[in-house]
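Spelled out from the first residue to the last, the chains are:
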Amino acid sequence: GAGVSQSPSNKVTEKGKDVELRCDPISGHTALYWYRQRLGQGLEFLIYFQGNSAPDKSGLPSDRFSAERTGESVSTLTIQRTQQEDSAVYLCASSSPGGFYEQFFGPGTRLTVL
Amino acid sequence: AQSVTQLGSHVSVSEGALVLLRCNYSSSVPPYLFWYVQYPNQGLQLLLKYTSAATLVKGINGFEAEFKKSETSFHLTKPSAHMSDAAEYFCAVSGGGADGLTFGKGTHLIIQP
């Protein structure tokens, strides 16, 4: 079946612009996660959704970051007034209770802020 | 709360040699443990997982890991390294809830010919 998809795969933007990153989870997966991976670094947890609510927003780096999810479907991560330190790969994952919440990852969006 | 420590940010082995990537965890609840692999410019792929069944877990591509509660470890091994194993490997722990995984910082595996 289809895996987690993310778009765009690459995004180059100018400092100060807003960007929107999209994640389509595996159908039926109730939980959805966003991570940030800076060059050569591990995964930094940003936010997770259970259904369309976000019980834990503690990982969002600043108030320039926001995320929403429509039902148990698509999620968007928005970064306002981008800064150069926002440059990273943004990974999305989804999971369901039946698999011990094993997370299935998308290919990521590589964001470059010039 | 959970945490993961991966010893060695870079590990280099010769092709055909044993691969050993170390992972130690801490968890306030019985843990579920995972190893993921990330090839260049790709997302993460699950190698194997421990979910409180057998302590020796076999995964894809010839990898396996053993859960040792007394040592709070979940080291990843492969008897004979292949060039295609060169990648970044992440160990992760979960308390079993939907609040997600806690990842280690990753180990970059280098295979020398």
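Above this text is the structure in question.
Residues numbered from 1 in each chain as written. Chains lettered and ligands numbered in written order. Predicted model: local features only at pLDDT ≥ 70, side-chain atom pairs only at ≥ 80, totals over all residues. Heavy atoms only, no water.

**Q** Explanation requested: the overall build of chain B in the structure shown.
**A** Along the backbone of chain B there are zero helices and 11 strands. For chain B, the N- to C-terminal ordering of α and β elements is β-β-β-β-β-β-β-β-β-β-β. A compact globule built from 113 residues would reach a C-alpha radius of gyration of about 13 Å, and chain B, at 13 Å, matches this within 12%. Taking the principal axes of the C-alpha coordinates as reference, chain B spans close to 40 × 30 × 20 Å. Looking at chain B as a whole, 45% of its 113 residues are labelled buried. In chain B, 7 positive and 7 negative side-chain charges are present, and the distance between their average locations comes to 5 Å. (Helix = DSSP H or I, 4+ residues; strand = E, 2+ residues; numbered from the N terminus. Rg over C-alpha atoms; globule rule 2.2 N^0.38 Å. Buried < 20%, exposed > 50% of the residue type's maximum accessible area, 1.4 Å probe, protein only. Lys, Arg positive; Asp, Glu negative; His and termini not counted. Charge placed at Lys NZ, Arg CZ, Asp CG, Glu CD.)

**Q** How do you make sense of unusual backbone geometry when you look at a structure like this?
**A** One can expect most non-glycine residues to show negative phi and most peptide bonds to be in trans. Put simply, S7 of chain A and P8 of chain A share a cis peptide bond, and its omega is -10°. Here P8 of chain A is to be found in the loop between β1 (5-7) and β2 (10-13). The residue R81 of chain A is not glycine, and still its phi comes out positive at about 45°. One non-glycine residue with positive phi stands out, namely T72 of chain B, at about 45°. Relative to the elements of secondary structure, T72 of chain B occurs in the loop between β7 (64-68) and β8 (73-78).

**Q** Which parts of the structure should I look at to understand the interface of chain A and chain B?
**A** Accessible area lost upon the coming together of the parts serves often as the stated size of an interface. Each partner contributes to the interface: chain A provides 19 residues, whereas chain B provides 20 residues. Surface buried jointly by chain A and chain B totals about 1500 Å² across both partners, of which 58% is contributed by carbon and sulfur atoms. Viewed at the interface, chain B and chain A are joined by three residue pairs in polar contact (both at pLDDT 80 or more). Contributions of two or more residues to the side of chain A that touches chain B are made by β4 (31-37) and β5 (44-50) of chain A. Considering every element that reaches the side of chain A that touches chain B, the biggest residue donor is β4 of chain A, with four residues. For the side of chain A that touches chain B, the residue count by class is 10 nonpolar, seven polar and two charged. (Contact = heavy atoms within 4.5 Å. Buried area = accessible area lost by both parts, 1.4 Å probe. Polar contact = N/O pair within 3.5 Å; in protein donor to acceptor, adjacent residues only side chain to side chain. Nonpolar A, V, L, I, M, F, W, Y, C, P; charged D, E, K, R; others polar.)

**Q** Whenever I open this one, the packing of aromatic side chains confuses me. Can you help?
**A** Two aromatic rings, taken as a pair, are described by how far apart their centres are and by the angle between their planes. Per the stated rule, a full pass over the model turns up 13 aromatic pairs over all chains. Consider the rings of Y35 of chain A and F103 of chain B, whose centres lie 5.5 Å apart with planes at 90°: the pair is edge-to-face. With one member in each of two chains, Y35 of chain A in strand β4 and F103 of chain B in strand β10 (residues 102-103) form a pair that bridges those chains. Of the two residues, Y35 of chain A and F103 of chain B, neither departs from the other in class, the shared state being buried. Note on Y50 of chain B and F67 of chain B: the rings are 4.1 Å apart at their centroids and 15° apart in plane angle, and the pair reads as stacked. Of this pair, Y50 of chain B sits in strand β5 (residues 44-50) while F67 of chain B sits in strand β7, and the two are 17 residues apart along the sequence. Grouping residues by exposure puts Y50 of chain B and F67 of chain B together as buried. Among the aromatic side chains, those forming a connected cluster through ring pairs are Y35, F45 and F105 of chain A together with F34, Y36, F90 and F103 of chain B. (Phe/Tyr/Trp six-rings, centres within 6.5 Å; stacked < 30°, edge-to-face > 60°.)

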